[in-house]
Amino acid sequence: MKILVLGSGGREHALVWKLSHSPEVDKIFCIPGNAGISSLAHCVEIKDTERILNFVKENKIDITLVGPEAPLVNGIVDKFEKENLKIFGPNKEAAMIEGSKVFAKLFMEKHGIPTANFRVFESPNAAEKYFLSTDFPIVIKADGLAAGKGAFVVKNRDEAFEVIDKVMRQKLFGDSGDRIIVERFLKGREVSALAFCDGKSIVPMVSSMDYKKAYDSDLGPNTGGMGAIAPAPHYTKDIASITIRNIFLNVIEGLQREGISYKGVLYAGLMITENGPKVLEFNCRFGDPETQVILPLLKTDLSHVVQAVIEGELAHCPVEWFDSVSLCVVAVSQGYPLKYRKGFKILGLNEIDDDVMIFHAGTKRTDQGIVTNGGRVLSVCATDSHFSKARARVYRSLKKIRFEGMRYRKDIGANLSDSSSEFHRSVEVTP
Ligand code: AMP
Ligand code: GLY
């Protein structure tokens, strides 16, 4: 079987790595890929969807797997399906669950899915008027895609006015800020709960948690993710079963009722509050860096799961997980998530022990060797029976890797308990 993976991050390297273990996968392509992916897959630089379609036909690629959200929200799945080409991911209508926060919040309200109370505003003046009478803290979110940077926790009225100015007047995220959500601030601990969905059934993945803030002790600005662990020890069996029933099954059933079939990965960003799990956001894809900790725990051949999702056969595809824990730390360029420079040579990659995995993100192969090519550069990952052991190996390896301006958080997975009592099973939804 020939598989194409779209994307260039650590998530895509982990997907390609896992697929490369499948006896049924003969060849992997990646568009555009990165230096790490290029040692496992044939990487090609193509931007335009029509040309990607032609590439798939010319190379007789059996399945395309989409990593990032933007192509999904822009309808790449619909274009492939129109040409009878197999692709893994939700179609344009279903991807709205990530593409529009207003759509997602109204959908949750309509179908009784637990989430923070919210208001939608289409004009900056109306939002500012609301801030005169509301309590703080609150969370302001741009409606459309904003590369993970569109949510602002604000502590007072001045900060709220500043965000409205940036997002709605100065259009920091372009059209994505034409509408905004203002929602109640939720207290609790976060979990990334992901599930495979084939439109009828869901199979939960092992839970995970990413570390979003740039600096240790959760300080500094939000990033795409500075590290991750799996499973999340605070995602207990009880919370998992509430999440599956009240969130995942409700979403799939609600979408079915609206005539939308959701196929691919559904990622629920949750806050586990004292009143149970509540949805912060949905993503229509695998998480990054969550995928780098989830896939090493997947025992089943990923290509089988991908095919089962596409064929609508997930209920008949046993998905098994290793009973271990997994941890990953992301090494970033100096300045990330703000301005950073690229092109610094990365040293020490050959000195890493075999029991640690390096998933590349912003890296590029040049005549001088592998150089940095993005904000998040590498994720260093390990699995073990205990977080403390995986953590020690990851941090030992990070000491061997060097590039100018390299930085990483020192507290990923610190002080975690090793319990993991959740369950993973296929859940059928009756239409
Ligand atoms: P989102 O893009 O909606 O996932 O938001 C990004 C991050 O902002 C989340 O991972 C949380 O850390 C924080 N956040 C978003 N919404 C809320 C909320 N209602 N209460 C508290 N924190 C939130
Ligand atoms: N780690 C957050 C995300 O993938 O959206």
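Each value, and the rule that gives it
- Residues numbered from 1 in each chain as written.
- Chains lettered and ligands numbered in written order.
- Predicted model: local features only at pLDDT ≥ 70, side-chain atom pairs only at ≥ 80, totals over all residues.
- Heavy atoms only, no water.
- Helix = DSSP H or I, 4+ residues; strand = E, 2+ residues; numbered from the N terminus.
- Rg over C-alpha atoms; globule rule 2.2 N^0.38 Å.
- Buried < 20%, exposed > 50% of the residue type's maximum accessible area, 1.4 Å probe, protein only.
- Contact = heavy atoms within 4.5 Å.
- Near = heavy atom within 4 Å.
- Polar contact = N/O pair within 3.5 Å; in protein donor to acceptor, adjacent residues only side chain to side chain.
- Areas by Shrake-Rupley, 256 points an atom, 1.4 Å probe, with all protein chains shown as cover.
- Expected span 1.5 Å × (residues − 1).
- Bend = angle between axes of the 7 residues up to and from the residue.
- Nonpolar A, V, L, I, M, F, W, Y, C, P; charged D, E, K, R; others polar.
- Pairing = 2+ DSSP bridges.
- Axes fitted to C-alpha atoms, helices over the stretch in contact; angles between N-to-C directions.
- Phe/Tyr/Trp six-rings, centres within 6.5 Å; stacked < 30°, edge-to-face > 60°.
- Lys NZ or Arg CZ within 6 Å of the ring centre and 35° of its normal.

## Description of the overall build of the chain
Helix and strand counts for the chain stand at 12 helices and 23 strands. Radius of gyration (C-alpha) of the chain: 21 Å, near the 22 Å computed for a compact globule of 431 residues. When its C-alpha atoms are laid out on the principal axes, the chain stretches across 60 × 50 × 45 Å. When burial is assessed residue by residue, the chain has 59% of its 431 residues classed as buried. Counted over contacts in the chain with a minimum sequence separation of 6, partners at least 24 positions apart contribute 70%.

## Observations regarding the site of ligand 1
Close to ligand 1 lie 14 residues, the nearest being Lys141, Glu183, Leu186, Glu190 and Glu281. Contact between ligand 1 and Glu190: an oxygen atom at 2.4 Å from a side-chain N or O atom of the residue. Expressed as a share of its isolated accessible area of 470 Å², the protein-covered part of ligand 1 is 91%. Where the shell around ligand 1 is concerned, the elements lending two or more residues are strand S7 (138-142), strand S9 (180-184) and strand S17 (276-283).

## With respect to helix H9 (residues 237-257)
Spanning 21 residues, H9 covers 28 Å between terminal C-alpha atoms, matching the ideal 30 Å at 1.5 Å per step. At Ile244, H9 shows its strongest bend, of approximately 35 degrees. Within H9 the residues assigned to the buried category are Ile239, Ala240, Thr243, Ile244, Ile247, Phe248, Leu249, Asn250, Val251, Ile252, Gly254 and Leu255. Just downstream of H9 lies Gly259, where phi reads positive at about 80 degrees.

## Remarks on the site of ligand 2
Ligand 2 sits among Asp210, Gly224, Tyr267, Asn283, Arg285, Gly287, Asp288, Pro289 and Glu290. A distance of 2.7 Å separates a nitrogen atom of ligand 2 from a polar side-chain atom of Asp210. In the model, an oxygen atom of ligand 2 is placed 3.4 Å from a nitrogen or oxygen of the Asn283 side chain. For ligand 2, whose accessible area on its own is 190 Å², the fraction buried by protein is 89%. Among the residues forming the shell around ligand 2, the class breakdown is two nonpolar, three polar and four charged.

## Points about the sheet that holds strand S6 (residues 118-121)
In spatial order, the strands read S6-S9-S7-S8; together these four strands make up an open sheet with antiparallel pairing. Only two strands of the sheet have a single partner each, and these edge strands are S6 and strand S8 (151-154). The mean angle between the axes of side-by-side strands here comes to 20 degrees, regardless of whether they run parallel or antiparallel. Sheet analysis places S7 next to S9, joined by five bridges and oriented antiparallel. Note that in S9 the partner of Ala142 across the bridge is Ile180.

## Digging into the pairing of strand S19 (residues 357-360)
Here S19 shows no split at all, with Met357 and Phe359 on one side and Ile358 and His360 on the other all buried. Both S19 and strand S22 (residues 376-384) contribute to a ladder of four bridges, which runs antiparallel. The partner of His360 across the bridge, within S22, is Leu378.

## Overview of the packing of aromatic side chains
Applying the stated criterion across every chain yields a total of 12 aromatic pairs. A centroid spacing of 5.5 Å and a plane angle of 85 degrees characterise the contact between Phe29 and Phe55, whose relative ring orientation is edge-to-face. Of the two residues, Phe29 is situated in strand S2 (residues 27-32) and Phe55 in helix H2 (residues 49-58); the sequence distance between them amounts to 26 residues. Classification of Phe29 as buried rests on a relative accessible area of 3%. Measuring from centroid to centroid gives 6.3 Å for Tyr130 and Phe131, while their planes differ by 55 degrees, and the two rings are tilted. For the residue pair Tyr130 and Phe131, the accessibility class agrees, reading buried in each case. One aromatic cluster is present, formed by Phe121, Tyr130, Phe131, Phe136 and Phe161 through successive ring pairs. In this structure, Lys410 packs its charged tip against the face of Tyr408, placed 4.5 Å from the ring centre.

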